[in-house]
Amino acid sequence: MEFSLTNQLMQHFDGDCAVVFAFCDSENKDLNIQAAVELNHFDAKAGNAMILNNVSGFKTNITVVLGLGELPVTAKNYQKALKSLYSKLKDLKVMSVMLEQVSIEGFDTSWVYRTTARVLQNEAYTIRKISSNNEESNLIESIAIQSGEANARELTIGLATANGMALARNLGDLPSNICTPSYLAETAKSLANEFGLECEILEGDDMHKLGMNSLLSVSKGSIEPPKLITLSYKGNGKSKPIVLIGKGVTFDSGGISLKPGAAMDEMKYDMCGAASVLGTMRAVSEMKLKVNLVVVVPAVENMPAHNASKPGDVVKSMSGQTIEILNTDAEGRLILCDALTYVEKFNPEVVIDTATLTGAVIIALGKHHCGVMANNQELANDLISAGNKALDTAWQLPLDDEYDELLKSNFADMANIGGREAGTVTAACFLARFAKKYRWAHLDIAGTAWVSGKGKGSTGRPVPLLTQYVIDQI
Ligand code: BES
Ligand code: MN
Ligand code: ZN
């Protein structure tokens with residue numbers, strides 16, 4: 001889809017479809033539209049839409065009246081309406097569309113352009129079915145947004161973010177027999193080729209030499225070789241980089257602490273942290289932002305086998321700290337801790353990891369907010385505010401010492417689990433022990449990275465949050 005800004009009157013647009021907005025308890029300026037609203041008793045609740053043909057005064061054959069709820073329009077209602085609009089437009093098979101100007105409570109016009117492009121382009125994502133007849137039909141070609149300004153940069157930002165989300169969603173949706181650690185490494189290499197990035201892939205031997213025994217202990221039971229992927233983007237000379245780390249467990253069976261069978265297929269999504277940092281890298285390099293960004297993905301498969309790690313095993317991490325693996329299903333932290341030590345070499349400005357780390361975060365926050373924990377309050381605030389702007393929200397959980405004490409082990413420096421209580425927090429406390437040398441935050445995206453049930457699929461979160469955070473650092 002192509003997006004543009006236009007200062008045309010809605011009535012003069014001669015494409016396929018004009019989209020005008022309606023609000024609860026407020027009349028439309030266009031008398032013909034207002035008459036149709038009244039005649040049809042149209043309820044302007046956010047997302048409701050009414051399709052009109054040949055409205056007098058309009059050049060298009062089709063006019064969609066889209067409800068945005070009460071005035072002032074909230075960001076949530078606008079997003080909801082855009083999503084519903086996209087599915088209507090698809091059904092109508094229109095190719096060129098113009099949207100009326102709108103203002104959103106608490107945000108400027110730049111935000112409106114950026115968000116409109118991102119949300120509509122993201123709606124255009126289709127799951128690539130692994131099927132012999134894969135017909136792709138995306139009919140909408142152009143979307144013009146009514147505006148008195150020239151601000152195409154915001155459309156580029158919105159589109160690039162959606163493209164990053166599409167990469168993340170596609171990786172997430174791929175099954176684990178295709179999306180292996182090697183596949184993630186190949187994806188990183190092709191991103192590097194496409195955008196001129198530096199790419200380094202460490203193999204098992206390399207990681208062994210670096211002492212990454214904690215990471216390696218997770219992949220031991222799998223036939224898939226582990227990979228440690230690094231992508232670097234340089235947009236700002238020699239300044240310290242922002243470092244993003246993404247959990248890349250391409251399938252989490254639980255290992256010897258085997259998971260129950262129900263919904264185990266969804267553990268192909270256990271690499272959504274990795275997918276989201278690769279997606280963010282794609283977005284940032286497409287936008288050519290003036291920042292330095294390093295993305296690191298520890299990629300492994302967690303399987304049970306005769307040579308897999310067993311509960312009670314003790315390993316020495318790259319940091320030198322030893323870990324008693326009481327549960328082989330708490331594997332995310334075991335790969336992330338070595339990645340956290342590894343990234344010290346980049347002298348990072350800040351390190352943010354993103355991981356489908358705990359089922360407990362779904363109990364705490366459901367599927368709306370991701371969990372954020374940090375060793376620096378300003379950083380947590382910045383991430384929360386980026387999430388609010390990007391409609392990809394995060395909610396903070398605490399990281400007090402009292403929780404950290406739950407990780408005590410009789411046989412090593414720490415255990416890899418802290419018991420039933422506050423599982424999301426104790427997981428983050430574990431990571432915090434490896435993130436003492438820099439400002440660090442952790443996003444637990446187990447609830448937000450994909451949806452289950454009938455609409456099962458990857459969401460592309462937290463690409464919008466992370467991308468907005470990077471933009472905010474310029
Ligand atoms: N990948 C899972 C977390 C997860 C579970 C995400 C369910 C989404 C849905 C993670 O590796 C895991 O298994 N965590 C355990 C930790 C426990 C053993 C301390 C969990 O959450 O049950
Ligand atoms: Mn697990
Ligand atoms: Zn996992």
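If you're wondering where the values come from, they're calculated on a predicted model, not measured in any experiment.

### Examining the overall build of the chain
- Per the secondary structure count, the chain includes 14 helices and 20 strands.
- Against the globule reference of 23 Å for 474 residues, the chain gives a C-alpha radius of gyration of 24 Å, in line with a compact fold.
- When each of the 474 residues of the chain is scored for burial, the buried share is 58%.
- Within the chain, residue pairs in contact and separated by at least 24 positions form 77% of the contacts whose partners lie at least 6 positions apart.
- When the accessible surface of the chain is summed, it comes to about 19900 Å², and 50% of that surface belongs to carbon and sulfur atoms.
- Of the charged side chains in the chain, 43 are positive and 54 negative, and the gap between their average positions amounts to 3 Å.

### A short note on a nonpolar patch on the surface
- Together, Ile130, Ile178 and Tyr183 make up a nonpolar patch on the protein surface, roughly 270 Å² of accessible area in all.
- You can see Ile178 is positioned in the loop between α4 (152–173) and α5 (181–195).
- Exposure remark for Ile178: the relative accessible area of 33% places this residue in the partly exposed category.

### Notes on the coordination of the zinc ion (ligand 3)
- Bound to the zinc ion (ligand 3) on the protein side are Lys247 (NZ), Asp252 (OD), Asp270 (OD) and Glu331 (OE), at distances that span 2.0 to 2.4 Å.
- Coordination at the zinc ion (ligand 3) is octahedral: its 6 donor atoms span angles of 78 to 175° at the metal.
- Sequence spacing of the donor residues for the zinc ion (ligand 3), all on one chain, is K-x4-D-x17-D-x60-E.
- Between the zinc ion (ligand 3) and the manganese ion (ligand 2), a separation of 3.2 Å is found, and both are coordinated by Asp252. Taken together, the residues span a long stretch of sequence, with Asp270 in the loop between β10 (248–252) and α8 (272–287) and Glu331 in the loop between β13 (322–325) and α9 (332–342) at a distance of 61 residues.

### Some points on the environment of Met165
- Within the secondary structure, Met165 sits in helix α4.
- Between the alpha carbons of Met165 and Ser458 there is a distance of 9.4 Å; along the sequence they are 293 residues apart.
- With residues near it in sequence (within four places) discarded, Met165 still touches Arg118, Asn122, Thr459, Gly460, Val463 and Pro464.

### Describing the coordination of the manganese ion (ligand 2)
- Coordination sphere of the manganese ion (ligand 2), protein contribution only: Asp252 (OD), Asp329 (O), Asp329 (OD) and Glu331 (OE), at 2.0 to 2.2 Å.
- Seen from the manganese ion (ligand 2), its 6 donor atoms lie at angles of 71 to 167°, and the figure they make is irregular.
- Of note, the donors binding the manganese ion (ligand 2) are all from one chain and are spaced D-x76-D-x1-E.
- What makes Asp252 buried here is its relative accessible area of 3%.

### Quick word on the site of ligand 1
- Close to ligand 1 lie 17 residues; Lys259, Asp270, Asp329, Glu331 and Gly359 are nearest.
- Separating an oxygen atom of ligand 1 from a side-chain N or O atom of Lys247 is a distance of 3.2 Å.
- The separation between an oxygen atom of ligand 1 and a polar main-chain atom of Gly359 is 2.7 Å.
- Within the complex, 77% of the 510 Å² of free accessible area of ligand 1 lies under protein.
- Split into classes, the residues belonging to the shell around ligand 1 amount to 6 nonpolar, 4 polar and 7 charged.

### Comments concerning the pattern of salt bridges
- Per the stated rule, a full pass over the model turns up 16 salt bridges.
- Its salt-bridge partner being Lys189, residue Glu186 comes within 3.1 Å of it at the nearest N-O pair. In this pair, Glu186 and Lys189 are both assigned in helix α5, 3 residues apart and thus about one turn of the helix distant.
- By relative accessible area, Glu186 is classed as partly exposed at 46%.
- Put simply, Glu331 and Lys247 hold a salt bridge, and the shortest N to O gap is 3.0 Å. Placement of Glu331 in the loop between β13 and α9 and of Lys247 in the loop between β9 (242–246) and β10 is noted, with a sequence separation of 84 residues between them. Neither residue differs from the other here; Glu331 and Lys247 are each classed as buried.
- Three or more residues are tied together by salt bridges with common partners; here these are Glu194, Arg282 and Glu286.

### Remarks on the side chain of Thr180
- Looking at the secondary structure, you find Thr180 in the loop between α4 and α5.
- Of the residues examined, Thr180 reaches a relative accessible area of 9% and is grouped as buried.
- Those residues in contact with Thr180, other than ones at most four positions away along the chain, are Glu224 and Thr250.

### Description of the pairing of strand β11 (residues 292–302)
- Buried residues dominate β11, accounting for 11 of its 11 residues.
- Here β11 shows no split at all, with Asn292, Val294, Val296, Pro298, Val300 and Asn302 on one side and Leu293, Val295, Val297, Ala299 and Glu301 on the other all buried.
- Strand direction decides the pairing type here: strand β8 (residues 227–234) and β11, joined by 8 bridges, are antiparallel. Its bridge partner lying in β11, Ser232 is registered against Val294.
- Pairing between β9 and β11: 4 bridges, direction parallel. Looking at the pairing, Ile242 lines up with Leu293 of β11.
- Bridge count for β10 against β11 is 4 bridges, and the pairing is parallel. What sits directly across from Phe251, in β11, is Glu301.

### Looking at a negative patch on the surface
- A cluster of acidic side chains, namely Asp400, Asp401, Glu402 and Glu405, defines a negative patch on the protein surface.
- Note on placement: Glu402 falls in helix α12 (residues 401–404).
- Residue Glu402 is classed as exposed on the basis of its relative accessible area, which comes to 56%.

### Notes on the sheet that holds strand β12 (residues 313–316)
- Within the open sheet, the 3 strands sit side by side as β12-β13-β17. Their pairing is mixed. Here the strands that pair on one side only, and so sit at the sheet edges, are β12 and β17 (414–415).
- In this structure, β12 lies alongside β13, joined through 4 bridges in antiparallel fashion. In the strand pairing of β13, Asp313 is matched with Ile325.

Rules used in this analysis
- Residues numbered from 1 in each chain as written.
- Chains lettered and ligands numbered in written order.
- Predicted model: local features only at pLDDT ≥ 70, side-chain atom pairs only at ≥ 80, totals over all residues.
- Heavy atoms only, no water.
- Helix = DSSP H or I, 4+ residues; strand = E, 2+ residues; numbered from the N terminus.
- Rg over C-alpha atoms; globule rule 2.2 N^0.38 Å.
- Buried < 20%, exposed > 50% of the residue type's maximum accessible area, 1.4 Å probe, protein only.
- Contact = heavy atoms within 4.5 Å.
- Areas by Shrake-Rupley, 256 points an atom, 1.4 Å probe, with all protein chains shown as cover.
- Lys, Arg positive; Asp, Glu negative; His and termini not counted.
- Charge placed at Lys NZ, Arg CZ, Asp CG, Glu CD.
- Patch = residues over 30% accessible without salt bridge, like charges linked within 9 Å, V, L, I, M, F, W, Y side chains within 5 Å.
- Salt bridge = Lys/Arg side-chain N within 4 Å of Asp/Glu carboxyl O.
- Donors = N, O, S within 2.8 Å, 3.2 Å for Na, K, Ca; no water.
- Tetrahedral: all angles 85-135°; square planar, octahedral: opposite > 155°, others 65-115°.
- Near = heavy atom within 4 Å.
- Polar contact = N/O pair within 3.5 Å; in protein donor to acceptor, adjacent residues only side chain to side chain.
- Nonpolar A, V, L, I, M, F, W, Y, C, P; charged D, E, K, R; others polar.
- Pairing = 2+ DSSP bridges.

Take it as geometry only, folks, not as evidence of what the structure does.
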